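Secondary and tertiary structure notes
Listed here are the chains, written in short residue letters.
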Amino acid sequence: MAVTDHKAHEMGVPYQLKQGQSRLFHQLPSGLEMEVITQKKNPNDRTGKSDLNPPLLFIHGSYHAAWCWAEHWFPFFSANGFDCYAVSLLGQ
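Residues numbered from 1 in each chain as written. Predicted model: local features only at pLDDT ≥ 70, side-chain atom pairs only at ≥ 80, totals over all residues. Heavy atoms only, no water.

**A short note on the sheet that holds strand β2 (residues 33–39)**
Defined as follows: Two strands pair if DSSP finds at least two bridges between them. Under the DSSP-based scheme used, a helix requires at least four consecutive residues in state H or I and a strand at least two consecutive residues in state E, with every element numbered from the N terminus. Every angle, taken between N-to-C directions, lies between 0 and 180 degrees, and every axis is a line fitted to C-alpha atoms, over only the stretch in contact when it is a helix.
The strand order across the open sheet formed by four strands is β1-β2-β4-β3, and the pairing between neighbours is mixed. Where the open sheet ends on each side, the last strands, each with one partner, are β1 (21–27) and β3 (56–59). Strand-to-strand, the axes of this sheet are offset by a mean angle of 25 degrees, without reference to chain direction. Pairing between β3 and strand β4 (residues 84–87): four bridges, direction parallel. Bridge pairing in β4 links Ile59 to Val87.

Pasting the structure below:
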């Protein structure tokens, strides 16, 4: 089940999380909150090939946020044994 957060609605986050994804907001020293979307590799993978895969950190470009990676890339990489993380960088 996707994890949702009431702050997503408050911040106008346009992305509805998919199965296995979660969203959290990290408090920065400035008082602002940075969005982080995560999707872990399949815990039922018994092949052992994902044991050596490093976690992946996705960084968006201008006029985007973490959701741009979570839509298509997170499901692909997590299905192939990678833990995925994306941050929304604030342009403030």
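**Topic: the pattern of salt bridges**
To be explicit about the condition: Criterion for a salt bridge: a side-chain nitrogen of Lys or Arg within 4 Å of a carboxyl oxygen of Asp or Glu. For each residue, the accessible area found with a 1.4 Å probe, counting protein chains only, is set against the maximum for its type, and the residue is called buried under 20%, exposed over 50%, and partly exposed in between.
In the structure shown here, the tally under the stated rule is two salt bridges. When the shortest N-O distance is used, the salt bridge between Lys18 and Glu71 registers 3.7 Å. Placement of Lys18 in the loop between α1 (6–11) and β1 and of Glu71 in the loop between α2 (67–70) and α3 (73–79) is noted, with a sequence separation of 53 residues between them. A residue is classified by how much of its surface remains accessible, and Lys18, at 32% relative accessible area, is partly exposed. Residue classification places Glu71 among the partly exposed positions, given a relative accessible area of 30%. In this structure, the salt-bridge partner of Glu35 is Arg23, at a minimum N-O distance of 2.6 Å.

**With respect to the packing of aromatic side chains**
Stated formally: The rule is short: rings of Phe, Tyr and Trp, with Trp giving its six-membered ring, pair when the centres are within 6.5 Å, and they are stacked under 30 degrees, edge-to-face over 60, tilted in between.
Under the definition given, this model contains six aromatic pairs. Their ring planes at 55 degrees and their centres at 5.3 Å tell us that Phe58 and Phe74 sit as a pair that is tilted. In this pair, Phe58 sits in strand β3 while Phe74 sits in helix α3, placing the two residues 16 residues apart along the sequence. The residues Phe58 and Phe74 share a single accessibility class, namely buried. Ring centres of Phe77 and Phe82 lie 5.9 Å apart, and the angle between their planes is 90 degrees; on these two criteria the pair is classed as edge-to-face. Among the residues examined, Phe82 registers a relative accessible area of 17% and is labelled buried. Feature note: the residues Phe58, Trp69, Trp73, Phe74, Phe76, Phe77 and Phe82 constitute an aromatic cluster, connected by ring pairs.

**Notes on the environment of Trp73**
Note the threshold: By definition, residues are in contact when any of their heavy atoms lie within 4.5 Å.
Tracing the chain through its elements places Trp73 in helix α3. Expressed as a C-alpha distance, the spacing of Trp73 and Phe58, which sit 15 residues apart in the sequence, is 9.4 Å. Excluding anything up to four places from it in sequence, Trp73 contacts Phe58 and Cys68.

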